[in-house]
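Structure assessment
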Amino acid sequence: MRAPSAAHPFGTDRQGRDLFAAMVAGTPLTLRIGFIAGFLGVGIGAMLGFVSAYYRGTLDAVIRGVVDIGLTVPGLLVLIIIAVSLRRGLTVDQMAIIVASLAWLNPARTIRAQVLSMRERGYVEVARLSGMSGPEIIVKELMPNLLPYLAATLVNSVSAAILASIGLEVLGLGPIDSPTLGMTLYWVNFNAALSRADRDHPGRLSRSLLPHGGPGRDRQPQAAESDLTTDVLSVRDLCVHYDTPLGAVKAADHVTFGLRAGERLGIAGESGSGKSTMALAILRMIKPPGRIAAGEVKLDGVDLMTLSDEEMRRVRLDRIALIPQGSMNALNPVIRIKEQIADALRDHRVRMSARETETRVRELLESVGLRAEVADMFPHELSGGMKQRACIAIAISLSPRVIIADEPTSALDVVVQKQVMETLARVQENLGASVILVGHDMGLMAQFVDRLGVMYAGKLIEVSPVREIFTRPLHPYTRMLIASLPSLEQKGTFRGIPGLIPLLRDLPPGCAFHPRCPQAFDRCLTEEPALLEKHPGGWAACHLT
Amino acid sequence: MRTLLEARSVTKVFGGGVFERSSTVALENFSLAIDADRPSIIAVVGESGSGKTTLARLLLGLTAPTSGHVLYEGQDLQQMSRERRRKFRRDIQVIFQDPYGVYNPFYRVDHVLATPVAKFGLARSRAAARTLIDEVLRDVGLRPEETLGRFPHQLSGGQRQRVMVARALLLRPRVILADEPVSMVDASLRATILGSLSAMHRERGISIIYITHDLATAYQISDTIVVLYGGAVAEVGDVELVVKQPQHPYTRLLLSSIPLATTARTWMSEFATVASSADTETGCKFAARCPSVEKVCRETAPPLFKTHAARAVACYLYRDAPTLDADAIGSVLTASAAASPPASQTIQPTRSRP
Amino acid sequence: MRADYLARRVGVFVLIVWLAATLNFFLPRLSGQDPVRATLLQQASLGGHVQMGLEAMVKEYEGRFGLDKPLWRQYVTYLGDVSRFNFNYSISNYPRTVNEIIAEAIPWTVVLLGTTTILSFTIGTLLGALLAWPGAPRWMRLLMPPLWALHAIPFFLLGLILMYVFAFRFQLLPMFGGYSPGAFPALTLRFVGDVLAHAILPALSIVLVATGGWALGMRGMMVTTMGEDYVTFAEAKGLTRLTIFLRYCVRNAILPQTTALALALGNILSGAVLVEVIFGFPGVGTILFHAIRENDHFLIQGIVFTVIVALGVATLILDVVYPLLDPRISYRRT
């Protein structure tokens with residue numbers, strides 16, 4: 001056994017075999033084991049995963065059971081039992097098969113999960129209805145989407161197989177006659193490291209193994225000037241931009257409105273209109289790549305944009321509360337309802353004893369029509385409507401001045417929606433708070449709010465008292481949006497708006513609505529209309545009026 | 001009456017297997033029939049948990065009923081030969097709720113149109129296939145040159161849903177099952193898609209089963225309506241009758257819960273209700289929430305009472321009327337189709353402008 | 001619900017133990033040889049100290065196993081023995097029993113593996129959570145590349161590198177064994193210090209690698225969790241950053257991390273076996289290495305079975321603790 005030298009860069013083992021040469025000879029063998037086992041593992045695993053997830057039923061239950069149990073057992077030890085039983089005269093390929101005997105477990109599990117999530121997709125159903133057979137769907141619809149994932153699994157599987165084979169070989173359970181990397185390590189260990197004699201000269205192993213010496217747009221429409229001074233909340237020229245490689249996308253563009261004390265203001269719009277962005281911007285909760293580019297939001301005369309982060313944090317819930325979208329899982333799934341209310345109180349420095357907090361939580365829950373026992377429940381034990389009531393209870397816990405409700409009843413059934421909105425109306429009246437209701441349902445707006453703002457492509461295009469907006473809308477978009485609603489009074493009264501909602505990153509010049517507007521004329525194509533007061537209380541951004 | 005597609009006393013129970021401790025009745029003793037000679041638009045309205053999604057899957061043969069039969073041209077879907085099944089697959093087409101998930105992100109939009117053409121041999125040549133596809137796209141108000149060759153993510157939700165309508169149209173089906181086709185589409189585009197559907201009914205004689213939670217759109221496009229609650233029929237009949245003069249307490253509650261886009265503000269009541277309690281196990285499913293509940297409601301589920309030639313209601317309030325066998329539901333449905341003018345003609349589909 | 005869940009878990013555990021035992025019994029017999037005689041004869045042919053007792057041992061074993069009886073009888077007897085953890089004598093260390101040898105090695109492994117797993121899981125999870133948190137100091141991001149690198153290295157390779165650097169090049173720490181040769185095990189400060197010095201390198205090679213894995217896993221889960229609606233709502237509630245971080249983000253992100261721990265135990269153990277071998281650490285891994293080298297069939301069987309049972313127990317504990325962390329679990333079917 002010799003130390004590394006020019007002739008033997010890694011040194012030699014006790015028999016004088018050059019370790020560098022051993023590694024050069026061993027690497028392809030070890031790679032061969034890794035690739036055979038890796039490919040076999042992914043191949044078998046993928047097949048079982050596909051079959052198991054696609055056909056489900058008993059077959060799936062059996063495969064899943066075997067895989068789950070197989071994964072719980074430490075792989076190396078099972079491989080040891082197998083290798084010990086078979087070990088005499090093991091070849092490199094047999095070694096690969098031994099390793100592969102467990103290598104399929106992990107791919108089978110992960111690929112099954114992937115396919116399972118994919119087979120729920122609509123396109124599988126559509127393919128079936130288009131006349132495709134089961135195997136055809138697997139090959140043509142599922143496989144292409146899984147290829148990148150399969151490739152990644154293969155890489156993992158090969159490297160895991162290499163490590164497993166080296167592990168076995170280090171223990172002396174490899175192909176004795178083949179100089180794979182692990183077997184080289186084993187011989188070194190066997191001959192040197194663990195012999196008792198070597199304990200007294202502990203340098204040789206490392207010296208022989210390791211190299212010596214080192215380890216190795218800019219026009220601004222005129223802001224609407226009104227008697228904003230008496231407003232609880234006044235939003236002026238609020239701009240939210242999303243920075244993209246192609247430039248800033250204006251999700252909210254110079255939005256200006258005021259909210260009076262005790263008022264219910266609606267902000268309506270379709271997808272991409274910027275209504276939810278605006279709601280989050282008022283709370284200063286826009287996350288990168290979005291940013292509030294300009295504008296002010298004054299709450300009782302204080303511009304929220306000038307507050308420090310800590311000051312802004314205390315404003316949330318205490319002065320402005322949010323009721324999240326009804327379709328969201330807005331409650332922490334692992335914490336009881338009462339604690340989700342209590343931590344809000346605690347972080348706003350409400351000094352209360354444990355008993356007082358408990359009482360307050362119960363009061364809050366009862367005020368939104370929930371039983372007091374709900375306090376001790378987890379979110380998954382509540383129905384959608386109950387969860388939304390719990391969110392309202394949290395929102396009113398510090399008696400805020402303004403409540404922003406962002407589609408609070410989306411995904412709820414109409415009967416439940418009515419109950420939730422009634423609850424919101426009642427707590428609002430009790431508190432004397434103002435409400436901003438953000439949503440797309442014009443019916444809900446008509447029935448709930450006092451004043452309604454309509455957004456289109458990031459801009460507020462009309463703000464009017466709700467009664468007026470439904471009787472004599474000022475903007476063609478508002479008129480057409482109302483006309484597109486199905487009525488229950490008479491048939492054949494609803495009509496869609498032709499054309500498509502424009503993309504924010506690719507807005508038409510002039511008025512963003514002009515391509516869909518039946519009354520558009522020259523000026524609309526070039527000049528962007530400003531939001532102006534057309535008659536007392538009625539504001540619109542349109543060249544027509 | 002010759003029925004095209006029929007559900008006969010269908011019940012579907014989920015769970016209840018050897019390893020499961022509880023079972024749910026998703027649909028109970030449900031019947032429905034579509035007349036082969038008289039195409040119609042039937043709306044099935046229900047909230048979450050009403051069993052409407054289960055119904056859709058049963059009618060498509062994607063799931064087998066626990067008891068009862070789903071028949072196509074008088075033949076049970078579960079016992080069909082391969083050939084018959086293939087014909088069924090072609091004759092009944094679906095439009096799904098989610099216009100995003102139905103597209104395989106790997107392929108261009110063309111894929112969903114080209115696959116049925118190839119699989120059902122609808123065209124002899126490439127050129128013929130293209131002509132066929134262009135034609136159906138125009139029929140739903142899309143311009144082929146702006147639609148084909150694009151990836152799904154390059155189209156809006158409204159456009160994608162219209163491509164799905166075009167796909168259904170391509171196969172010249174006899175029935176289209178539309179499962180919440182507009183609930184994920186923006187309001188301003190809904191009328192356009194529903195307009196295409198009723199045009200298909202009007203111009204091509206395709207029957208449409210419109211499954212939805214939205215009574216207002218159901219009223220707008222359908223001739224007859226089935227109101228589901230808790231997996232059972234609450235009220236069924238002519239859409240004008242059911243919407244204008246609802247009889248079942250649930251239908252009334254549902255109608256009064258819809259916020260109308262009018263200036264007459266009558267929607268909200270002064271007294272906010274307490275979160276409703278659970279439904280009862282036996283008896284009428286609606287008993288726990290019903291204002292007119294009686295003792296018998298909690299004990300035995302009510303049968304359908306035929307309160308009008310074109311309407312039946314499952315409620316003891318109408319126990320004086322003759323009862324109607326679930327199997328005979330077709331009589332109510334056809335009566336209504338005859339009693340009222342085809343409603344769909346009043347809807348004007350709008351097409352996208354260039 | 002709870003009792004149901006527990007019963008199912010215990011059932012799986014029993015099933016795994018039974019499978020392990022059965023595999024242990026049948027696989028060696030697949031080669032068509034009489035396992036006892038073959039091993040003993042081979043041992044004898046190598047010559048040496050066991051030769052004298054050979055015939056007695058063969059008799060002893062044949063009597064005990066009833067090797068002339070039908071296979072199923074042997075199997076039943078075997079299961080009976082195994083269920084009492086009775087693995088008979090070690091062939092290479094006769095007349096010591098397998099149990100004695102394992103009992104001697106187990107404390108070493110339990111302490112090494114227990115400490116390193118808890119340390120790496122805790123440090124890694126915390127590090128991963130901070131790496132994903134926008135409020136964490138910027139320099140923490142510099143830790144990412146080394147964590148990636150460490151994560152990719154197998155335990156035993158890092159062990160060799162550490163051994164080379166710290167024990168060979170700089171001779172700061174001992175290289176082999178659990179304590180210095182010639183030292184007598186006793187509860188003296190000197191001996192404890194000696195043991196610790198010997199344990200540092202094996203422990204370090206496990207901790208460094210495993211920490212990287214846990215940190216990367218946790219970081220991924222944190223990024224997902226921070227995008228959840230309830231975190232947005234928590235911010236709208238005006239909660240402090242610390243509350244949001246601990247009670248909303250970490251509290252939820254740690255759930256899959258715990259599931260991963262249960263799944264990873266087997267791998268950790270496999271890796272640790274090799275680390276023990278490299279460092280000659282007197283734990284179960286090293287015993288196993290010697291047993292394989294000396295063809296000590298009964299010792300191998302004993303170790304493998306014991307380890308599988310121990311792992312099963314550890315997984316079972318994690319499974320039972322998990323519903324306490326995630327209230328939804330008792331409702332879910334597995």
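Residues numbered from 1 in each chain as written. Chains lettered and ligands numbered in written order. Predicted model: local features only at pLDDT ≥ 70, side-chain atom pairs only at ≥ 80, totals over all residues. Heavy atoms only, no water.

1. Observations concerning the sheet that holds strand E13 (residues 323–324) of chain B
Residues and elements named next belong to chain B.
- With respect to topology, nine strands assemble into an open sheet ordered E6-E7-E8-E3-E9-E10-E12-E11-E13, the strand pairing being mixed. In this open sheet, the two strands that pair with only one neighbour each are strand E6 (92–95) and E13.
- Note: strand E11 (residues 304–308) against E13, two bridges, orientation antiparallel. In the sheet register, Phe 305 faces E13, and the bridge partner there is Thr 323.
- Across the sheet, helix H2 (residues 82–91) is in contact with E6 and strand E7 (175–179); its angle to E6 comes to roughly 45°.
- Each of strand E3 (41–45), strand E9 (224–229) and strand E10 (232–238) touches helix H10 (residues 249–257); the most contacted strand, E9, lies at about 100° to it. (Pairing = 2+ DSSP bridges. Helix = DSSP H or I, 4+ residues; strand = E, 2+ residues; numbered from the N terminus. Contact = heavy atoms within 4.5 Å. Axes fitted to C-alpha atoms, helices over the stretch in contact; angles between N-to-C directions.)

2. Observations regarding the domain arrangement of chain C
All names here are of chain C.
- Domain annotation of chain C identifies domain 1 (1–92 + 296–334) and domain 2 (106–293).
- Summed over the shared surface of domain 1 and domain 2, the number is zero salt bridges.
- Linking domain 1 to domain 2 there are two residue pairs in polar contact (both at pLDDT 80 or more).
- Considered class by class, the residues forming the side of domain 1 that touches domain 2 number ten nonpolar, two polar and three charged. (Domains from an automatic or database assignment. Salt bridge = Lys/Arg side-chain N within 4 Å of Asp/Glu carboxyl O. Polar contact = N/O pair within 3.5 Å; in protein donor to acceptor, adjacent residues only side chain to side chain. Nonpolar A, V, L, I, M, F, W, Y, C, P; charged D, E, K, R; others polar.)

3. Remarks on the environment of A:Asp177
- Its location among the elements puts A:Asp177 in the loop between helix H7 (134–170) and helix H8 (181–193).
- Considered as a pair, A:Asp177 and A:Thr91 are 86 residues apart in the sequence and their alpha carbons are 7.8 Å apart.

4. Topic: the sheet that holds strand E2 (residues 247–259) of chain A
Residue and element names in this part refer to chain A.
- Pairing is antiparallel across the open sheet formed by four strands, whose spatial order is E2-E1-E4-E5. What marks the edges here is a single partner per strand, and that holds for E2 and strand E5 (302–303).
- Relative to the sheet, helix H10 (residues 275–282) contacts strand E1 (233–244), E2 and strand E4 (290–299), its axis offset from that of E1 by approximately 110°.

5. Some remarks on the interface of chain B and chain A
- Of the residues lining the interface, 74 residues belong to chain B; the matching set on chain A comes to 69 residues.
- Summing both partners gives a buried area of about 6,200 Å² for chain B against chain A, and 58% of it is carried by carbon and sulfur.
- If you look at where chain B meets chain A, you find two salt bridges.
- With its nearest N and O atoms 2.4 Å apart, the salt bridge here joins B:Lys119 to A:Glu136.
- Linking chain B to chain A there are 25 residue pairs in polar contact (both at pLDDT 80 or more).
- Breaking the side of chain B that touches chain A down by element, the ones donating at least two residues are H2, E6, helix H3 (110–119), helix H6 (157–170), helix H7 (187–204), helix H8 (215–221), helix H9 (239–244) and H10 of chain B.
- Element by element, the count of residues in the side of chain B that touches chain A is highest for H7(B), at six residues.
- When grouped by side-chain class, the residues that make up the side of chain B that touches chain A number 36 nonpolar, 24 polar and 14 charged. (Buried area = accessible area lost by both parts, 1.4 Å probe.)

6. Comments concerning the confidence of the model for chain C
Residues and elements named next belong to chain C.
- In the predicted model, chain C carries a mean pLDDT of 80, and 84% of its residues have values of at least 70.
- At the low end of the mean pLDDT range in chain C sits helix H2 (residues 35–45), at 60; at the high end sits helix H9 (residues 229–236), at 94.
- Both scores are available for the predicted complex, with the pTM at 0.81 and the ipTM at 0.84. (pLDDT = per-residue confidence, 0-100.)

7. A word on the packing of aromatic side chains
- In the structure shown here, the tally under the stated rule is 13 aromatic pairs over all chains.
- Aromatic pair A:Phe35 and A:Phe39: ring centres 6.1 Å apart, planes at 25°, arrangement stacked. In this pair, A:Phe35 and A:Phe39 both sit in helix H1 (residues 19–55), four residues apart, roughly one turn of the helix.
- You can call A:Phe39 partly exposed: its relative accessible area is 47%.
- Ring geometry for C:Trp108 against C:Phe281: centres 5.5 Å apart, planes inclined by 85°, an arrangement best described as edge-to-face. With C:Trp108 in helix H5 (residues 98–132) and C:Phe281 in the loop between helix H10 (241–279) and helix H11 (284–293), the pair connects residues that are 173 residues apart, well separated along the chain.
- Residue classification places C:Phe281 among the buried residues on the basis of a relative accessible area of 3%.
- Among the aromatic side chains, those forming a connected cluster through ring pairs are A:Tyr456, A:Tyr477 and A:Phe513.
- Here the basic side chain of A:Arg264 rests over the ring of A:Phe448, its NZ or CZ set 4.5 Å away from the ring centre.
- In this structure, A:Lys491 packs its charged tip against the face of B:Tyr219, placed 5.5 Å from the ring centre. (Phe/Tyr/Trp six-rings, centres within 6.5 Å; stacked < 30°, edge-to-face > 60°. Buried < 20%, exposed > 50% of the residue type's maximum accessible area, 1.4 Å probe, protein only. Lys NZ or Arg CZ within 6 Å of the ring centre and 35° of its normal.)

8. Description of the interface of chain A and chain C
- In this assembly, 68 residues from chain A lie in contact with 65 residues from chain C.
- With both sides pooled, the region where chain A packs onto chain C buries about 6,200 Å², and carbon together with sulfur makes up 70% of that total.
- For the interface between chain A and chain C, the tally reads five salt bridges.
- The salt bridge involving A:Asp343 is made with C:Lys237; its shortest N-O contact spans 3.5 Å.
- Between chain A and chain C we count twelve residue pairs in polar contact (both at pLDDT 80 or more) in total.
- Breaking the side of chain A that touches chain C down by element, the ones donating at least two residues are helix H2 (57–72), helix H3 (75–86), H7, H8, helix H9 (204–209), helix H12 (337–347) and helix H14 (384–395) of chain A.

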